[in-house]
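# Observations on the model geometry
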Amino acid sequence: MTLKVFSQGVSRWVVSVSLLALGACGPLESESAPSSSEEAPASVGAARQGVSSVSHRASTTAWGKTVTSLTLTKPAGTVAGDVLLVRLSNRNNVAAVATAPAGWTFLRSDQSASQIKAWVFYKVAGASEPASYAFTFDAAYYVAGSISAFSGANPTNPIDAQSGQKNGNLATMDSPAITTTSANGLAVWFGSQLWAGATCPVDPLTPPTGFTEAFEACLQSSDRGILFDMAWKELGAAGVQPAFNGVSTLPNTNIAQVVALRAADAPTCTVGDTFATTWTLMGNVSAPLIVEPSGLAASRVTPGAIYVHNEDVNDIVAISTTTAATLGSFKVAGVTPQDWEDVATGPCPTGFCIYMGDIGRSSASLPIPPNTFYVYRIPEPNIGAGQTSGDLTAQQFPFVYPDGGKDAEAIMVHPVTADIYIITKSGSGLSKVYKMPNPLPAPGVQSTLIFVSNLQLPVVPDQPNWSYTTSAAIHPCSNRFILRTYKTVYEFRAAPGAAFETAFAAAPVTLTDTVEGQGEAIEYDPSGASYYTMSESPSPFKLKRVLRQ
């Protein structure tokens, strides 16, 4: 029997240990592997931000042949408040019943027609935990299992979402998409696959893209073997997550399951259709760098921070959402804006980024209206860790429209898919919605926007300021978006369960206006429980909030 343990971080190591003499835990032919343990990787990569407070602490594995119980050793370093996840798999009897020790909660089970079944259980560790946990079965089976400890999860409500399915005779190990209700959680992926052979294959399972593999192990058997794997990934904004799909080098029946853990300090993403009829002044912007605010974007890294920027200079200031006090002041190095009209935040390869829209066409700095425009992607600074000033590095993504240059003042970034949307500005009320290719081309390579939809805004006769789109933002639950004109606020809502882009065809719902001289900035709170606005004039610039009721 061979135990294979993988650690994946900046580097990856493979360790194989042969277990030659094992104590019996059943009839004469039974055997059970002693548990193995390994600490979580130190880091995923030097450039990646830590966006989740939930982290993998350690895992152990065990397996047995023709056994009625399986004992899993408590992961090293487990402390009170940690969330423990157990995955068990058995062979050749999908009617099998697994029973957990006292204090454990059954989460789900998935099975094939006859050959493999997998269970998931969870527990919040208390002040005094046993050294191991024995899970029992209704009969003797070939079984394999793992237990993993996670720190930083919500101890009273740790499970945000979960899914799983059987994949028949396939090399793909797909788990259904999930919808999370809170931001900055952790997805835990389990893969279990049939195996039969004299020896265990080397590195057969690959977790979904972006996941860090905690371990990969094998119950060796010539007819009832099991390959099993666990990996994790930090999640960003709440909402519909993509399907997490692993692969195997072997086209055998498998089960893929995913559990999303809720962060202890994460705001819950919620939606509602009723907002207060009045607004609240949160504070006046005191940062001297802000002279012509044109956009707002809530930080996904620093709770309680929101970014504000100028139109024609490369300054970005982070302010408090409760007081408008300055939290950080930054310059985007090596960039000379044409006409920075709006800003958004969203996922990116390094974690979370600021997306600056150099998308205007009528600035005083542009004597000749341009036909090429730019989105700048800037890794978010970690203000909470002391990064409160200095230069930020940007990647430039130039683009053109498929039907000629247009003036635009609204950029939106989808909180899950990272799709980048541009909404044009029109006095007739007929805006157009485009999006950039996803994935993006290499920085510096020009792309052509993809037309998505027309967007008709209400029109007030002889009052174009009511229908000029000046800013927009996608709801953190990703099922609607908010849009600002100079004089009013609209929300466009997708039907329950419908795709986000169907919201572009929805009837606009008028929300509470914040009565601004030149309203040019709007953003949701990361919880979805309110929205913020700011006017480009007059000074002092006021941060206003409207609460959802």
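Up top is the structure.
Overview of the structure. (Residues numbered from 1 in each chain as written. Predicted model: local features only at pLDDT ≥ 70, side-chain atom pairs only at ≥ 80, totals over all residues. Heavy atoms only, no water.)

## Quick notes on the state of the cysteines
Just so we agree on the cut-off: Only a pair of cysteine sulfur atoms within 2.5 Å counts as a disulfide in this structure description.
One pass over the full model with this rule turns up 2 disulfides. Here Cys348 connects covalently by a disulfide to Cys353, the sulfurs 2.2 Å from one another. Torsion about the S-S bond of the Cys348 and Cys353 cystine: about 75°, corresponding to right-handed handedness.

## Some remarks on unusual backbone geometry
Cut-off, in case you're wondering: The way it works is that DSSP assigns letters per residue, a run of H or I at least four long becomes a helix, a run of E at least two long becomes a strand, and they are numbered from the N terminus.
In this model, Asn438 is joined to Pro439 through a cis peptide bond whose omega is 10°. Within the fold, Pro439 resides in the loop between β30 (430–435) and β31 (447–448). With an omega dihedral of 0°, the bond running from Ser537 to Pro538 counts as a cis peptide bond. As for its position among the elements, Pro538 is in the loop between β38 (530–535) and β39 (542–547). Of note, the phi angle at Val515 is positive, near 55°, even though the residue is not glycine. Note on placement: Val515 falls in the loop between β36 (509–511) and β37 (519–524).

## A look at the pairing of strand β33 (residues 469–474)
Note the threshold: Under the scheme applied here, a residue whose accessible area is under 20% of the maximum for its type counts as buried, over 50% as exposed, and between as partly exposed, the area being computed with a 1.4 Å probe on protein chains only. The pairing criterion is simple: DSSP has to find at least two bridges between the two strands.
With respect to burial, β33 is a largely interior element, 6 of its 6 residues being buried. Across 5 bridges, β33 lies against strand β34 (residues 480–485) in antiparallel orientation. Bridge assignment links Ala472 to a residue of β34, and that residue is Leu483. From the end of β33 to the start of β34, which pair antiparallel, there are 5 residues, and Ser478 there has a positive phi angle of about 60°.

## Some remarks on the layout of surface pockets
Stated formally: The definitions used throughout rest on a 1 Å grid laid over the protein atoms alone, on which a cavity is an enclosed set of points accommodating a 1.4 Å probe that cannot get out and a pocket is an open set flanked by protein within 12 Å on both sides along at least five of seven lines; lining residues are those having an atom within 4 Å of a point. Grid points are joined across faces, edges and corners, and a volume is the space filled by probe spheres set on the points. Any residue that is not Ala, Val, Leu, Ile, Met, Phe, Trp, Tyr, Cys, Pro, Asp, Glu, Lys or Arg is counted as polar, Gly included; the first ten are nonpolar and the last four charged.
Quantified by volume, the largest pocket comes out at close to 690 Å³. As for the largest pocket, its lining consists of 33 residues, of which Lys233, Pro347, Cys348, Pro349 and Val416 are closest to the centre. Counting only elements with at least two residues in the lining of the largest pocket, the list comes to β15 (225–234), β23 (340–348) and β24 (351–358). When the residues that make up the lining of the largest pocket are grouped by side-chain class, the tally is 20 nonpolar, 8 polar and 5 charged.

## Describing the packing of aromatic side chains
Aromatic rings in a pair are described by how distant their centres are and how their planes are angled relative to each other. In plain terms, the rule: What counts as a ring pair is set by centres within 6.5 Å for rings of Phe, Tyr and Trp (its six-membered ring), and what kind of pair is set by the plane angle: stacked under 30 degrees, edge-to-face over 60, tilted for all other angles. Note on geometry: a ring has a charge over it if NZ (lysine) or CZ (arginine) is within 6 Å of the ring centre and within 35 degrees of the ring normal.
Using the criterion set out here, one finds 24 aromatic pairs in the structure. The rings of Trp104, Phe106, Phe121, Tyr133 and Phe135 are connected pair by pair, giving a single aromatic cluster. The residue whose ring lies beneath Arg224 is Tyr142, and the NZ or CZ to ring-centre distance is 4.0 Å.

## Considerations on the sheet that holds strand β29 (residues 420–424)
Operational definition: In this analysis, axes come from line fits to C-alpha atoms, helices being fitted only over the stretch in contact, and the angle between any two N-to-C directions falls in the range 0 to 180 degrees.
Strand order in the open sheet made by the 4 strands is β28-β29-β30-β32, with antiparallel pairing throughout. Each of the sheet's edge strands pairs with one partner strand only, and the pair in question is β28 (408–413) and β32 (450–456). Shown here is a sheet whose adjacent strand axes are inclined to one another by a mean of 25°, direction ignored. The pairing of β30 with β32 spans 6 bridges and is classified as antiparallel. Along β32, the bridge assignment pairs Lys432 with Asn454.

## Focus on the environment of Phe397
To be explicit about the condition: Only heavy atoms matter for contacts: two residues are in contact if any of them lie within 4.5 Å across the pair.
Here Phe397 is to be found in strand β27 (residues 395–400). Linking Phe397 and Met436, residues 39 residues apart in sequence, is a C-alpha distance of 9.5 Å. When neighbours within four sequence positions are excluded, Phe397 is seen to be in contact with Phe373, Tyr374, Val375, Arg377, Met436, Leu440, Pro441, Ala442 and Pro443.

## Description of the pattern of salt bridges
To keep it simple, the criterion reads: The term salt bridge refers to a side-chain nitrogen of Lys or Arg lying within 4 Å of a carboxyl oxygen of Asp or Glu.
Following the criterion strictly, the structure yields 16 salt bridges and no others. The residue Arg480 makes a salt bridge to Asp273 at a minimum N-O spacing of 3.0 Å. Placement of the pair is Arg480 in strand β34 and Asp273 in the loop between β17 (244–261) and β18 (280–284), with a sequence separation of 207 residues. With a closest N to O distance of 3.6 Å, Asp273 and Arg493 form a salt bridge. Taken together, the residues Asp273 in the loop between β17 and β18 and Arg493 in strand β35 (residues 489–493) connect sequence positions 220 residues apart. Taking relative accessible area as the criterion, Arg493 reaches 18% and is therefore assigned buried. In the salt-bridge network here, residues are joined through shared partners; they are Asp273, Arg480, Glu491 and Arg493.

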